[in-house]
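Chain by chain, the residues run as shown.
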Amino acid sequence: MTASFIPPKRILMGPGPSDVPQRVLDAMARPTIGHLDPAFVELMEQIKSMLRMAFQTENALTFPVSAPGSAGMEMCFVNLVEPGDKVIVCRNGVFGGRMLENVKRTGGVPVIVDDAWGTPVDPQKVRDAFKANPDAKILAFVHAETSTGAQSDGEALGKIAQAFGALTIMDCVTSLAGTPLYMDKWGIDAAYSGSQKCLSCTPGLSPVSFSDRAIERIKARTTPVQSWFLDLNLVLGYWQSSGKRTYHHTAPINPMYGLHEALVILEEEGLENAWARHRAMHEKLKAGLEAMGLKYVVEASARLPQLNSIYVPEGVDEAAIRARLLNEFSLEIGAGLGDMAGKIWRIGLMGYSAKQENVDYCLKAFKAYLP
Ligand SMILES: *Cc1c(COP(=O)(O)O)cnc(C)c1O
C-alpha cells in the first residue's frame, strides 16, 4: 500500500513558490462547494475586487485564470494578437523569450528588442522600434524578470506604447504585491500574474486584468481565438457578475479560497506596506550578503527586492551548495536559468517569505558554507 504523502517542511526562498501562510492553507481545507453556488459567486466577486486593488486598476475584467501564470500569459497573447499583427517584444531574460514564443505561435509578427540579461528594458530602444515599425499594434514586456532579478520601468514603457497608439501586455507575475505597480496610471492594457510569488498563495492561479481598450480589440477580432479554454469571449460568460453565469469550466474551488485569504492578508497589511516590507527585507539581506563578499548581478537602480540574484564565487560548486542548503537547512533557493545557469543563485524574498527570520536564517546558512 502506498502511504499518504507528507511533504518535508521547507523554507522557500527561491523564485517561487514562496512560503504559504497557515491561514491560506487552512482556508483551502474548508469544505468544497459547487462552482455555481451563490456563495461561491460572492467569493469570486470579492476576489475580483481585491485583485483590482492589487493591480491598482478599475478594470471590470479582472479575475484569476484557473491555471498557472503561464496560462495568464497565453490568455493575453491568444486574445490580443491576430495573425499578421506586429508585436514589439522586449527580451531581457527567460520570460521575455516566452512572450516571443507566444507571439510566434499566435501568428503575430515579432519585432524583438533585446537587452542584456540582468539589465532592464531600455525605453529608448523601444521608442526606436516603434519609430521603425509605426504599424506595431502591441508592446509586450516583463515588469519583473524573475530569471535575472531586473525590474523594467513599467510607467515609461506603458507611456511609449500609448504615444504610438499600441496596446501593452505586461508580465507582472513576480511584481504583483511585491513592488510598486500601477496598471491604470501606467496605461497598461493587459497584465497577468501568478498566485505563488508575492501573493504567497499556492501555485496554479493566474490573476489577469484587461482594459476596455483591450476588450474592444478582442471584440473586433476577425479571426477566432485559437484556444477554446482561454478565449475571453467565452470565459467572460463565466466570470461576469451581471446576468446569468454560464458553465465554462469548473473553477478550482479550494485554491480560490486560498487566493481569497491571501488577498485578505494583503488588504490587512496594506499594499504599500507590503511593497515597503519587501524593500526593507531586501536591504537587510543585501547588507548580509555583501558583507560576505557576494556580488549582485543587477545594478542597484534596477534591482528587484523580491528576487536577489548574486554571482556564485569563483571555484564554488553552486549546485552542491544548493543541495546542502536544502538537505541540511531545508532551505530552497533558485539556480540560474539559461545563459546564467551555473553562474548565479536567485534568492527570493516573496510575500510571506519576505520576513526577518527568513533573512537571518538564509544568511546563517550561507555563512556555514561560504569560505
Ligand atoms: C513564474 C513566472 C512565470 C510563470 O508562472 P507559472 O505560474 O510558473 O506558470 C511567468 N513570468 C514570470 C516573470 C515568472 O516569474
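Since the structure is predicted, the reported quantities are computational estimates derived from the model, not experimental observations.

S.K.: Just give me the short version of the domain arrangement of the protein, but keep the residues and values in it.
M.R.: For the protein, the domain assignment lists domain 1 (11–16 + 271–369) and domain 2 (23–266). Taking the mean C-alpha position of each, domain 1 and domain 2 sit 27 Å from one another. Listed as interface residues are 26 residues of domain 1 and, on the opposing side, 28 residues of domain 2. Summed over both sides, the interface of domain 1 with domain 2 buries roughly 2000 Å², with 66% coming from carbon and sulfur. Looking at the side of domain 1 facing domain 2, the largest losses of area belong to Leu 271, Trp 275 and Leu 304, adding up to 32% of the total buried there. The interface formed by domain 1 and domain 2 holds zero salt bridges in total. Our count for the domain 1 to domain 2 interface comes out at seven residue pairs in polar contact (both at pLDDT 80 or more). Elements represented by at least two residues in the side of domain 1 that touches domain 2 include exactly α11 (271–291), β11 (307–311) and β14 (344–348). Considering each element in turn, the side of domain 1 that touches domain 2 owes the most residues, five residues, to α11.

S.K.: Give a description of the pattern of salt bridges that names residues and reports values.
M.R.: Per the counting criterion, the structure on display carries 15 salt bridges. Between Glu 261 and Arg 23 there is a salt bridge, with its nearest N and O atoms 2.8 Å apart. A residue pair is termed long-range when its members are at least 10 positions apart, and Glu 261 in helix α10 (residues 253–269) and Arg 23 in helix α1 (residues 22–28) qualify at 238 residues. According to the relative accessible area criterion, Glu 261 is buried, its value standing at 12%. Judged by relative accessible area, which is 36%, Arg 23 ranks as partly exposed. Within this structure, Arg 23, Glu 261 and Glu 268 form a network of salt bridges that share partners.

S.K.: Account for the nonpolar core, with residues named and values stated.
M.R.: In this structure, Ile 169 and Phe 210 are the most contacted members of the largest nonpolar core, which totals 93 residues. Counting only domains with at least three residues in this core, you end up with domain 1 (11–16 + 271–369) and domain 2 (23–266). In terms of nonpolar packing, the next biggest core, distinct from the first, is built from 24 residues, Met 281, Ile 310, Leu 325 and Leu 349 among them.

S.K.: So what about the sheet that holds strand β4 (residues 109–114)? Which residues, and what values?
M.R.: Taking strand neighbours across the sheet as the criterion, the seven strands line up as β2-β10-β9-β8-β5-β3-β4 in an open arrangement whose pairing is mixed. The open sheet has two edge strands with one neighbour each: β2 (61–65) and β4. Taken pair by pair, the neighbouring strands of this sheet meet at an average axis angle of 15 degrees, ignoring direction. As defined by bridge partners, strand β9 (residues 190–192) adjoins strand β10 (residues 206–210) across three bridges and the pair is classed as antiparallel. Following the sheet pairing, Ala 190 is matched in β10 by Phe 210.

S.K.: An account of the site of the ligand is needed here, citing residue identities and associated values.
M.R.: With respect to spatial proximity, the complete set of residues near the ligand consists of Pro 68, Gly 69, Ser 70, Phe 95, Val 142, Ala 144, Thr 146, Asp 171, Val 173, Thr 174, Gln 196 and Lys 197. Within the contact set of the ligand, an oxygen atom lies 2.5 Å away from a side-chain nitrogen or oxygen of Ser 70. Contact distances for the ligand include 2.7 Å between a nitrogen atom and a side-chain N or O atom of Asp 171. When isolated, the ligand has an accessible area of 370 Å², and the protein chains bury 89% of it. Grouping the amino acids of the shell around the ligand by side-chain chemistry returns five nonpolar, five polar and two charged.

Cut-offs applied
Residues numbered from 1 in each chain as written. Predicted model: local features only at pLDDT ≥ 70, side-chain atom pairs only at ≥ 80, totals over all residues. Heavy atoms only, no water. Domains from an automatic or database assignment. Contact = heavy atoms within 4.5 Å. Buried area = accessible area lost by both parts, 1.4 Å probe. Salt bridge = Lys/Arg side-chain N within 4 Å of Asp/Glu carboxyl O. Polar contact = N/O pair within 3.5 Å; in protein donor to acceptor, adjacent residues only side chain to side chain. Helix = DSSP H or I, 4+ residues; strand = E, 2+ residues; numbered from the N terminus. Buried < 20%, exposed > 50% of the residue type's maximum accessible area, 1.4 Å probe, protein only. Core = buried A, V, L, I, M, F, W, Y, C linked by side-chain atoms within 4.5 Å. Pairing = 2+ DSSP bridges. Axes fitted to C-alpha atoms, helices over the stretch in contact; angles between N-to-C directions. Near = heavy atom within 4 Å. Areas by Shrake-Rupley, 256 points an atom, 1.4 Å probe, with all protein chains shown as cover. Nonpolar A, V, L, I, M, F, W, Y, C, P; charged D, E, K, R; others polar.

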